[in-house]
Amino acid sequence: MDNPKGTIVFTTVGRPHYGFDIFSTPLPPTLTDFSSSPPTEHRLTDGVSINFNAQFVGTDDNPRSIVYVSERTGSPKIYLDSDLLPSAPASLFHDRPIIKNNRLFFISAHEPPDSPFKSWSALYTIELNGSGDGKVTRLTPYGCVDYSPSVSQSGDLIAVASYGSRRWSGEFHHLETDIVVFRRTDPNKRWNVCSLGGWPTFSGENTIYFHRQADDGWWSIFVVDLPSGFDVPVTAPRRVTPPGVHCFTPAAMHNRRQIAVATRRKSENYRHIEIYDLESETFYPVTKLLNQNFHHYNPFVSPNSGYLGYHRFRGEIESSDSECESIVPHLNLVSSPINELRMLRLNGAFPSFSPTGDLIAFNPDFDSKAGLDIVKSDGSKRWRLLNGRTTFCNSWSPVEKNVIFTSIGPIFDTVKATVQIARVSFDLEQLEDDVIDVKAEIKILTREETGNNAFPSCSPDGKRLVFRSGRSGHKNLYILDAVDGEFKSDGGIRQLTEGEWIDTMPCWSPDGKLIAFSSNRHNPANVDAFSIYVMCSDGSDVRRIYVAGDEGSEEVDRERINHVCFSGDGEWLLFTANVGGVTVDPVSVPNQFQPYGDLYVVRLDGSGLRRLTWNGYENGTPAWFPRGKELGCLGLNSVGEKLLGQFDEPLWISCDI
């Protein structure tokens, strides 16, 4: 069977608004001098791309030379200053690069693990000075998972946050990783120096700092001292930062008794970088003095501790100082692991293609001022159909280019909350005019008293909708007349599934014979575990598609699969799932509701599982159009909204402790 083909448009939570660049600022020998006269910061990256997770290279004589991750080519790759570095050729994800002794160390996620519910993240290295063969060497043993490397001052020892060979248990507020150390020359002899810790950072050769959520609820920095030999027991780690302030992603200094940390304080709305002096037990603010109203992430320190770096939203940049004005493109091209499959990231959610594929309907947000918008599939123009009403999950009629079905009302609410299926129609000629707001007619298709009706999908003939309703007290699937809804005189609605479980997010197959949906009917007591089901369009022959393992296995009941849709030929299913675990430490990035959410495809018979996305974000609400590159080229850097850096800190980090 051929590879899947066409164009996939999807959402990545928050990512379009990051606008991350990497900055540095000099650190004075006496930190009290910093608060009295803070120096200016320097932007070290291009002012256009998403750039993050850097380390200084070389000595303090060249403080602007960094190795870092950039998504400028459609996937996270590693750069040295402006030059792309060699790394894992087949990888669409790279992270946390370090250059030490002319050797590049980095995390990649290009090799699948030995079982589901393990991250693909592992540590690799490659020689950069030309004397080697250019071979990428895996340092993480096969079957193990490693994050967040740190290299000792000599380059001999490497520390990682590691699951070892354990499977991911489903947590993401605090990854249950251990701090593991090994020699670069003998990576299979690993030394578990501490349980439950993340983001290790070497100070010198024998001291490692790391973050952990303490028993009192505050994220704090801990330290562990390494004995001279691997066979000598390690003393228990000591907490070094006090309660009352969250501290994470530390960066230790080799020649100063200080560490740089990212902090969250009860009195502050933003994450900032501070220096913590270990002898005086005093915090010294840095970025708050430079940019009070921006979040700052993941500090790093130069080898001689003369400079501090971090990444943040770039803010306003003069046009003469960057390649172009900072914008959020309507659509952004993303690297695809399958040549025949084009992938686009949408600045919005719940995309749906028009019948010819030249337009995409979507929801710009889920707040009360959001609504329903349309964008050209080349990203060149955008219109607003509905404004000031919360709408979500759209389905463009396959036979009427001017009709879109959507859900109006609050998302993620109870079965009794009022959410209604609406038919939205408009005059196509308005799209030819130079207007932004398009007049639309809204026709409600469900009765208000029936409660929560959502997630419509239109049949290929345009006559019926399948949708999810809570009108019975349980969220099941129904069939609805696409013109008059349940107000049709001879009965425009019928129940398709029935049970004390949740059936949701249905999708009609292109030939109209099948309906795919997500359900927890295999374990109704677990409202967090959903799997793919397929049935005939009359509700008969319901069967489960097993993705994470065989029927009856422990793995399949951990599946959390949603947003399923069909390929144009009806042979493949596209969905978002948790089977690949977590790719990065979620505390190191802005808020992600489900950072384990990545896109996958699988054949209709459950075979041929392929992963499509790798990153530290939540990817979801995909739409699949049969055609690919012939839809047209994208104006990626020319059309979009102004970049404002509007994203949230992890909502699960609370200062009310």
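What counts, and where the lines are drawn
Residues numbered from 1 in each chain as written. Predicted model: local features only at pLDDT ≥ 70, side-chain atom pairs only at ≥ 80, totals over all residues. Heavy atoms only, no water. Pairing = 2+ DSSP bridges. Helix = DSSP H or I, 4+ residues; strand = E, 2+ residues; numbered from the N terminus. Axes fitted to C-alpha atoms, helices over the stretch in contact; angles between N-to-C directions. Phe/Tyr/Trp six-rings, centres within 6.5 Å; stacked < 30°, edge-to-face > 60°. Buried < 20%, exposed > 50% of the residue type's maximum accessible area, 1.4 Å probe, protein only. Lys NZ or Arg CZ within 6 Å of the ring centre and 35° of its normal. Salt bridge = Lys/Arg side-chain N within 4 Å of Asp/Glu carboxyl O.

Caption draft 1: Seen up close, the sheet that holds strand S23 (residues 282-285). Read across the sheet, 4 strands follow the order S20-S21-S22-S23 without closing on themselves; strand pairing throughout is antiparallel. Among the strands making up the open sheet, the edge pair consists of strand S20 (246-252) and S23. Averaged over all adjacent pairs, the angle separating strand axes in this sheet is 35 degrees, with direction ignored. Here S20 runs beside strand S21 (residues 258-264); their pairing, made up of 5 bridges, is antiparallel. Looking at S21, one finds that Ala251 is bridged to Ala260.

Caption draft 2: Inspection of the packing of aromatic side chains at higher detail. In total, this model carries 25 aromatic pairs according to the counting rule given. Look at Phe210 and Phe222: their rings are 5.9 Å apart centre to centre, the planes differ by 15 degrees, and that puts the pair in the stacked class. Of the two residues, Phe210 sits in strand S17 (residues 207-213) while Phe222 sits in strand S18 (residues 219-225), which places them 12 residues apart along the sequence. Phe222 matches Phe210 in its accessibility class, with the two residues each being buried. Here the aromatic residues Tyr18, Phe20, Tyr297, Tyr617 and Phe647 are joined through ring pairs into a cluster of three or more. The residue whose ring lies beneath Arg265 is Phe283, and the NZ or CZ to ring-centre distance is 4.9 Å. When the ring centre of Tyr478 is taken as reference, the NZ or CZ atom of Arg471 above it lies at 5.4 Å.

Caption draft 3: How the structure looks around the sheet that holds strand S11 (residues 137-138). Ordered by their spatial adjacency, 4 strands build an open sheet running S8-S9-S10-S11, and the pairing between neighbours is antiparallel. The open sheet has two edge strands, strand S8 (94-100) and S11, and neither has a second partner. Bridge count between strand S9 (residues 103-108) and strand S10 (residues 122-127): 6 bridges; the pairing is antiparallel. Looking at the pairing, Phe106 lines up with Tyr124 of S10.

Caption draft 4: Representation of the pattern of salt bridges. In the structure shown here, the tally under the stated rule is 34 salt bridges. A salt bridge links Glu71 to Arg15; the shortest N-O distance between them is 2.6 Å. Here Glu71 is found in the loop between strand S5 (66-70) and strand S6 (77-80), whereas its partner Arg15 is found in the loop between strand S1 (6-12) and strand S2 (20-26), with 56 residues between them in sequence. We note that Glu71, like Arg15, is buried. What you see here is one network of salt bridges that share partners, running through Arg264, Arg271 and Glu649.

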